[in-house]
Amino acid sequence: MVGEKKKESVLAGFKAFLMRGNVVDLAVAVVIGAAFTNIVNSIVKGIISPLVGAIGTKSLDVYTSCLKGPCGIDAKGDPIGVNILWGSVLNAALTFLITAAVVYFLMVLPMAKYLARQEARRKAKEGVKETMEITELEVLKEIRDALVAQRGSNGGNGQAPGARDAF
């Protein structure tokens, strides 16, 4: 019995953990990020690499420096010597910059503008509501002041102006 209760509480806790909003949001972000990586890789391979190829070579991966010679590739295709593959690092850096630029200009910037517009609309609505509340309050104060003034002009007898004594 104790084992079943503990098992149920563990499963209930696990279910509660999975149903929290941030876990689901994180899972969605990972899936979208993986799909977005494919888009960025396609942009790099289809657009950036040909542009770089127009200037130099089609692939940045071929750019290397020999740290300890003799450098090259043997008959089996294995590297000889110690090569620094700075072309691969440059390619990864370009891919990162392109990814960051695409994310910023196509996602972050438009979302920030959208949220700023929404906030401005919300503040404008609150300002109108606050102005209406202040205006209503001022009108009520004016009515109160007018009633007090009328009461004071009657000499404080509690009668409305123009009311006559019945005696």
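The model shown is predicted, which means the values in this text are computed figures rather than measured ones. (Residues numbered from 1 in each chain as written. Predicted model: local features only at pLDDT ≥ 70, side-chain atom pairs only at ≥ 80, totals over all residues. Heavy atoms only, no water.)

**Comments concerning the overall build of the protein chain**
Piece 1. Helix and strand counts for the protein chain come out as three helices and two strands.
Piece 2. From first element to last, N terminus to C terminus, the protein chain shows the α and β order α-α-β-β-α.
Piece 3. A burial count over the protein chain gives 5% of its 167 residues as buried.
Piece 4. Partitioning the contacts of the protein chain with sequence separation of at least 6, the portion at a separation of at least 24 is 33%. (Helix = DSSP H or I, 4+ residues; strand = E, 2+ residues; numbered from the N terminus. Buried < 20%, exposed > 50% of the residue type's maximum accessible area, 1.4 Å probe, protein only. Contact = heavy atoms within 4.5 Å.)

**Digging into the environment of W86**
Piece 1. Within the element layout of this structure, W86 appears in helix α3 (residues 86–153).
Piece 2. Between the C-alpha atom of W86 and that of D61, which follows or precedes it by 25 residues, the distance is 7.8 Å.
Piece 3. Once residues within four sequence positions are removed from consideration, W86 is found in contact with Y63, T64 and S65.

**Topic: the nonpolar core**
Piece 1. Core analysis: the largest hydrophobic core is formed by five residues, namely F36, V40, V44, I98 and V102.
Piece 2. Contributions of two or more residues to this core are made by α2 (21–55) and α3.
Piece 3. Considering each element in turn, this core owes the most residues, three residues, to α2.
Piece 4. Apart from the residues lying within four places of it in its own chain, the contact partners of V40 are T95 and T99. (Core = buried A, V, L, I, M, F, W, Y, C linked by side-chain atoms within 4.5 Å.)

**A look at the pairing of strand β1 (residues 65–73)**
Piece 1. For β1 and strand β2 (residues 79–84), the ladder comprises five bridges, and the chain directions are antiparallel. Across the sheet, S65 pairs through a bridge with I84, a residue of β2.
Piece 2. Turn length for the β1-β2 hairpin, with the two strands adjacent in sequence and antiparallel, is five residues, and the turn residue G77 shows positive phi of about 95°. (Pairing = 2+ DSSP bridges.)

**Some words on a positive patch on the surface**
Piece 1. On the surface, a cluster of positive charge is contributed by K113, R117, R121 and K125.
Piece 2. Note on placement: K113 falls in helix α3. (Patch = residues over 30% accessible without salt bridge, like charges linked within 9 Å, V, L, I, M, F, W, Y side chains within 5 Å. Areas by Shrake-Rupley, 256 points an atom, 1.4 Å probe, with all protein chains shown as cover. Salt bridge = Lys/Arg side-chain N within 4 Å of Asp/Glu carboxyl O. Lys, Arg positive; Asp, Glu negative; His and termini not counted. Charge placed at Lys NZ, Arg CZ, Asp CG, Glu CD.)

**Notes on the packing of aromatic side chains**
Piece 1. Tallying each qualifying case throughout the model produces one aromatic pair.
Piece 2. Taken together, a centroid distance of 5.1 Å and an interplanar angle of 80° make the contact between Y104 and F105 edge-to-face. (Phe/Tyr/Trp six-rings, centres within 6.5 Å; stacked < 30°, edge-to-face > 60°.)

**Thoughts on a nonpolar patch on the surface**
Piece 1. There is a patch of nonpolar side chains on the surface, built from L67, V82, I84, W86 and L90 and spanning about 450 Å² of accessible area.
Piece 2. Sorting the residues of the nonpolar patch by element identifies β2 and α3 as the ones contributing at least two each.

These values are about where atoms sit, not about what they do.
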